[in-house]
Amino acid sequence: MELYVREGDPHLRTAHGLLTCYWDGTVHYGLCLAMAGALGKRRSYRALGLFWLGSLLMSAVVFLLGNLIGKYSSELSPAFLLNLPYLLLLTWTGLRLFRQPRALPSLSPEKIAEEQRKPLYQRPQDLLLILILILTAAFTFFRGMVVLDCPADSCFDYTYLHEPYLRDPVGYPKVQMLIYLFYLLPFLLLAIYGLAWPGCSWLPDWSLLVAGAVAQAQFAHLGSSLHSRTPFPYQTPDEVLWSFLLSNVLYALGPQLLALRCLRSPAFFLPAAAPGLARAKKYQ
């Protein structure tokens, strides 16, 4: 093991690499056990699988791209190519999960229609969630501008006084913020639309995928910002520690609340004709 870390994948010795390994050994391992248990009991593991897939994809993409563009890119070895089959396996797993039939709740068409007729002001939880997602989207855009070297004074002050880890030349934080900017931000805007207008049947699945991705990403990013293996100039200053922790924890909370909303009350997102078709098939 020590030989592999020293010669095959020295990037695992970085703060981000360590935090990624911690997540792999706890959350990913626990999710695998939960999916194996569900499979053994012949229960659906699709929701767990989508969360696990999103977490693994975010972990792999940020780690691999950070290795390629960061300051340790000169230490890449042929062992780096072993990650390619891993990515192919994740792609195959994702296709299998999305092709599995979704477990639709046993709701009458009247109940679904009643739920979908409610305007936004009669759904205070959705209204609050939309507000949270708007704030999350704004923070996503702001940090994306920060890593793109926006000349605004607010961006300069933030990267030097509040989150200096974004300047760390290891590459992982910059890759993370760019993924947020170009992939998470469009999803957040689409999710706001999906909460405002009924029948967006794609939202429950993608909310689980994104929830897993953001949970892993924020754990690695937050932990790396505080870890002793991060050079001192890039560690979070003590003066802003609590505001940094609060903002990043709340940032991770938004996608989790969205996924929970879709799982617990899915009627708003169902196609109007789907339950009727299901009942018709039942009595054929």
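Here's what I pulled together on the structure shown here.

What counts, and where the lines are drawn
- Residues numbered from 1 in each chain as written.
- Predicted model: local features only at pLDDT ≥ 70, side-chain atom pairs only at ≥ 80, totals over all residues.
- Heavy atoms only, no water.
- Helix = DSSP H or I, 4+ residues; strand = E, 2+ residues; numbered from the N terminus.
- Buried < 20%, exposed > 50% of the residue type's maximum accessible area, 1.4 Å probe, protein only.
- Axes fitted to C-alpha atoms, helices over the stretch in contact; angles between N-to-C directions.
- Parallel < 35°, antiparallel > 145°, perpendicular 65-115°, else oblique.
- Left-handed = near helix turned anticlockwise from the far one by under 90°.
- Nonpolar A, V, L, I, M, F, W, Y, C, P; charged D, E, K, R; others polar.
- Expected span 1.5 Å × (residues − 1).
- Contact = heavy atoms within 4.5 Å.

With that settled, consider unusual backbone geometry. One non-glycine residue, arginine 42, lies in the positive phi region at around 60 degrees. Tracing the backbone through its elements, the reader meets arginine 42 in the loop between α2 (15-40) and α3 (46-69). Note on arginine 42: relative accessible area 80%, which makes it exposed. Residue aspartate 149 is not a glycine yet carries a positive backbone phi of 60 degrees. Looking at where aspartate 149 falls in the secondary structure, it is placed in the loop between α6 (124-147) and α7 (153-162).

Take the environment of leucine 90 next. The residue leucine 90 is located in helix α4 (residues 83-99) in this model. Along the backbone, leucine 90 and leucine 188 are 98 residues apart, and their C-alpha atoms lie at a distance of 23 Å.

Orientation of α6 relative to helix α8 (residues 172-196), taken along the N-to-C sense of each, is 155 degrees, at an axis distance of 9 Å. Taken as axis vectors, α6 and α8 run roughly antiparallel relative to one another. Crossing geometry of α6 relative to α8 is assigned as left-handed. For the contact of α6 with α8, the per-class residue count stands at 19 nonpolar, three polar and three charged.

We now examine the environment of proline 231. Structurally, the position occupied by proline 231 is in the loop between α9 (203-226) and α10 (241-264). Measuring from C-alpha to C-alpha, the distance between proline 231 and alanine 60 comes to 23 Å, with 171 residues separating the pair along the chain.

Bringing α6 into the picture now. Between the first and last C-alpha of α6 there are 35 Å, a value that for 24 residues agrees with the 34 Å anticipated at 1.5 Å per step. Looking only at α6, the buried set comprises Asp126, Leu129, Ile130, Leu133, Thr136, Ala137, Phe139, Thr140, Arg143, Gly144, Val146 and Val147. Structurally, α6 contributes buried residues whose contacts are with α7, α8, α9 and α10. Within two residues after α6, aspartate 149 carries a phi angle of roughly 60 degrees, on the positive side.

Any link to function would need more than the numbers given here.
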